Amino acid sequence: MIIWRGWGILVLLITGLCCVPAGLVTEAVLGSDLALFGVSGGMVVAGVAVFFIGQRLNAPRQGFHPQTGQPVLYRNQHTFFFVPMQYFAFVLLAVSAVLLISTLLGLVV
């Protein structure tokens, strides 16, 4: 079960759109043994994209209360598995590092 709030589902979509083509291109060029290098690189790109998009979407915005006219700070809640989008980028980078290291050591077949 996937849990998100707001535009948090973009984490999954961006990761898929970055990792799948990178893995397929790497597999076509270098062979199926090294396809995970492309997936790992795609995950790094996805992490950077998710960070900046999350920063933009979750930035607080200044507004005014419609009845009183007092200034109000509106905060957005775009999360994926209860983690704000911009912080989930670090999870993607950590998974990419683990995937890269395990591929280099030959642990993933």
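These lines cover the structure that appears in this document, whether it is placed above or below. (Residues numbered from 1 in each chain as written. Predicted model: local features only at pLDDT ≥ 70, side-chain atom pairs only at ≥ 80, totals over all residues. Heavy atoms only, no water.)

1. Concerning the packing of aromatic side chains
For step 1, the next point in the chain: Overall, the coordinates contain four aromatic pairs when judged by the stated rule.
For step 2, the next point in the chain: Look at phenylalanine 80 and phenylalanine 81: their rings are 4.9 Å apart centre to centre, the planes differ by 75°, and that puts the pair in the edge-to-face class.
For step 3, the next point in the chain: Taking the relative accessible area as the measure of exposure, phenylalanine 81 reaches 35% and is therefore partly exposed.
For step 4, the next point in the chain: Seen in terms of ring centroids, phenylalanine 80 and phenylalanine 88 are 5.2 Å apart; in terms of plane orientation they differ by 90°. Their pairing is edge-to-face.
For step 5, the next point in the chain: Taking relative accessible area as the criterion, phenylalanine 88 reaches 13% and is therefore assigned buried.
For step 6, the next point in the chain: Aromatic ring contacts, followed pair by pair, group Phe51, Phe52 and Phe90 into a single cluster. (Phe/Tyr/Trp six-rings, centres within 6.5 Å; stacked < 30°, edge-to-face > 60°. Buried < 20%, exposed > 50% of the residue type's maximum accessible area, 1.4 Å probe, protein only.)

2. Description of the packing of helix H2 (residues 35-57) against helix H3 (residues 85-104)
For step 1, the next point in the chain: Look at H2 against H3: their axes get within 7 Å of each other, and the N-to-C directions meet at 170°. On the basis of the axis angle, H2 is roughly antiparallel to H3. (Axes fitted to C-alpha atoms, helices over the stretch in contact; angles between N-to-C directions. Helix = DSSP H or I, 4+ residues; strand = E, 2+ residues; numbered from the N terminus. Parallel < 35°, antiparallel > 145°, perpendicular 65-115°, else oblique.)

3. What to know about the pairing of strand E2 (residues 61-64)
Looking along a regular strand, one sees side chains alternate from face to face of the sheet.
For step 1, the next point in the chain: Judged from the four bridges that link them, E2 and strand E3 (residues 71-74) form a sheet pairing that is antiparallel. Across the sheet, the residue bridging to glycine 63 is valine 72, located in E3.
For step 2, the next point in the chain: Here E2 folds back onto E3 in antiparallel fashion, the turn holding six residues, of which glycine 69 has a positive phi close to 80°. (Pairing = 2+ DSSP bridges.)

4. A few points about the sheet that holds strand E5 (residues 83-84)
For step 1, the next point in the chain: Taking strand neighbours across the sheet as the criterion, the three strands line up as E1-E4-E5 in an open arrangement whose pairing is antiparallel. Here the strands that pair on one side only, and so sit at the sheet edges, are strand E1 (4-5) and E5.
For step 2, the next point in the chain: Both E1 and strand E4 (residues 79-80) contribute to a ladder of two bridges, which runs antiparallel. Among the inter-strand pairings, tryptophan 4 is bridged to a residue of E4, identified as phenylalanine 80.

All we've got here are geometric facts, nothing functional implied.
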